[in-house]
Amino acid sequence: MAKVFSFLQPIKEHIKYRLRWRYQWRTWFLERHACLGYEVLKYYDGLPKRVNFQKGRADLLAEYWFNESLLPKSSRLRAFMTRFDLLELIRQLQFFNCLPSRAPKFIFMDSFSELTDQMFISRSEGWRFCCGYSDVSHDETFSRDYLCEGLIPAEQLKGTYLRLFSIFEKRWGAVPIYFLHFPIALETRAVFKERYKEIALAMDEIARDHPHIYSIKVDESKVQRSMDATDDLKDFPYHYDEATYLLFKKEIEEVAPLRW
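These remarks concern the structure in this document. (Residues numbered from 1 in each chain as written. Predicted model: local features only at pLDDT ≥ 70, side-chain atom pairs only at ≥ 80, totals over all residues. Heavy atoms only, no water.)

Its location among the elements puts Arg-76 in the loop between helix 3 (58-66) and helix 4 (85-92). Separated by 2.6 Å, the side chains of Arg-76 and Glu-125 make a polar contact. (Helix = DSSP H or I, 4+ residues; strand = E, 2+ residues; numbered from the N terminus. Polar contact = N/O pair within 3.5 Å; in protein donor to acceptor, adjacent residues only side chain to side chain.)

Here the largest pocket is characterised by a volume of approximately 600 Å³. Along its surface, the largest pocket is lined by 23 residues, and Lys-55, Arg-83, Phe-112, Asp-135 and Phe-236 are the ones closest to its centre. Of all elements in the fold, only helix 2 (35-41), helix 5 (112-116) and helix 8 (190-209) reach the threshold of two or more residues within the lining of the largest pocket. Across the lining of the largest pocket, the residue classes break down as 12 nonpolar, six polar and five charged. (1 Å grid on protein atoms, 1.4 Å probe; cavity = no way out; pocket = protein on both sides within 12 Å on 5 of 7 lines; lining within 4 Å. Points joined across faces, edges and corners; volume = space filled by probe spheres on them. Nonpolar A, V, L, I, M, F, W, Y, C, P; charged D, E, K, R; others polar.)

Once that is clear, we can look at the sheet that holds strand 5 (residues 128-131). The sheet built from three strands is open, its strands ordered 5-4-6 with antiparallel pairing. Each having just a single partner strand, strand 5 and strand 6 (146-150) make up the two edges of the open sheet. The mean angle between the axes of side-by-side strands here comes to 25°, regardless of whether they run parallel or antiparallel. Pairing geometry for strand 4 (residues 118-122) and strand 5, over four bridges, is antiparallel. The partner of Met-119 across the bridge, within strand 5, is Cys-130. Together, strand 4 and strand 5 form the strand contacts of helix 3, whose direction differs from that of strand 5 by roughly 160°. (Pairing = 2+ DSSP bridges. Axes fitted to C-alpha atoms, helices over the stretch in contact; angles between N-to-C directions. Contact = heavy atoms within 4.5 Å.)

Moving on, we come to the packing of aromatic side chains. Here the structure, examined in full by the defined rule, presents 31 aromatic pairs. Each ring, one from Phe-112 and one from Phe-236, has its centre 6.5 Å from the other, and the planes form 65°; the classification is edge-to-face. Linking Phe-112 in helix 5 with Phe-236 in the loop between strand 8 (213-216) and helix 9 (242-255), this pair joins segments that are 124 residues apart in sequence. Ring geometry for Tyr-161 against Phe-179: centres 5.3 Å apart, planes inclined by 75°, an arrangement best described as edge-to-face. Linking Tyr-161 in helix 7 (residues 157-172) with Phe-179 in strand 7 (residues 177-180), this pair joins segments that are 18 residues apart in sequence. Residues Tyr-161 and Phe-179 agree in their burial class; the two are buried. By the ring-pair criterion, three or more aromatic residues cluster together here, those being Trp-28, Phe-53, Tyr-64, Trp-65, Phe-96, Phe-168 and Trp-172. (Phe/Tyr/Trp six-rings, centres within 6.5 Å; stacked < 30°, edge-to-face > 60°. Buried < 20%, exposed > 50% of the residue type's maximum accessible area, 1.4 Å probe, protein only.)

In structure tokens form, the structure reads like this:
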């Protein structure tokens, strides 16, 4: 049975990504977000079909756009991942070159990837992927085979976003882009507090110059921790209560209501 599944999987993926995505989807939207985006979008009914590249850090997606040889080979990473749910998120990136030909109704992003994800590059082949540093096991074999380039340098954030947004605009026109900033009210680590400020500054400047791009933040004093978090996530600073997510929806509707 396993052999049959292994044989059929590439055929199913070809039909789903290279045929249905590209040629059949008429109404859809592009996502690049983690849990913040998922939680906020729960409050919208009847959304179009969706494509999410959660681990698509902005510079990584721009590189994939122009060089398909850099797309990840997720099967090579199975032995190194500390969280196997993340392996599927990296696998999704293998199909970034299969996006629908029609323009998305909107693009929905959050800041988590640029906030925390690090770049890893295959030393022998050059393909690359992004994830949290602790998402992979940094044993001798992994360190020998993959180079860690770390976070996007702060001084490159604005240019990186502008490059990616320019790619989107050249392909699809001025599609609305919603960029949600993860609150840092619960964060205690100075490095991420500072990165929040740097990302917010870059995106606020971009939004001022590009009317179709929206930099969405909420009042940090109103952000509360989720009371329903599991034990392993109760101290995680990026899961919030329902009221926080509703604040984001309210902000979106006041700035530029989602339409499709």
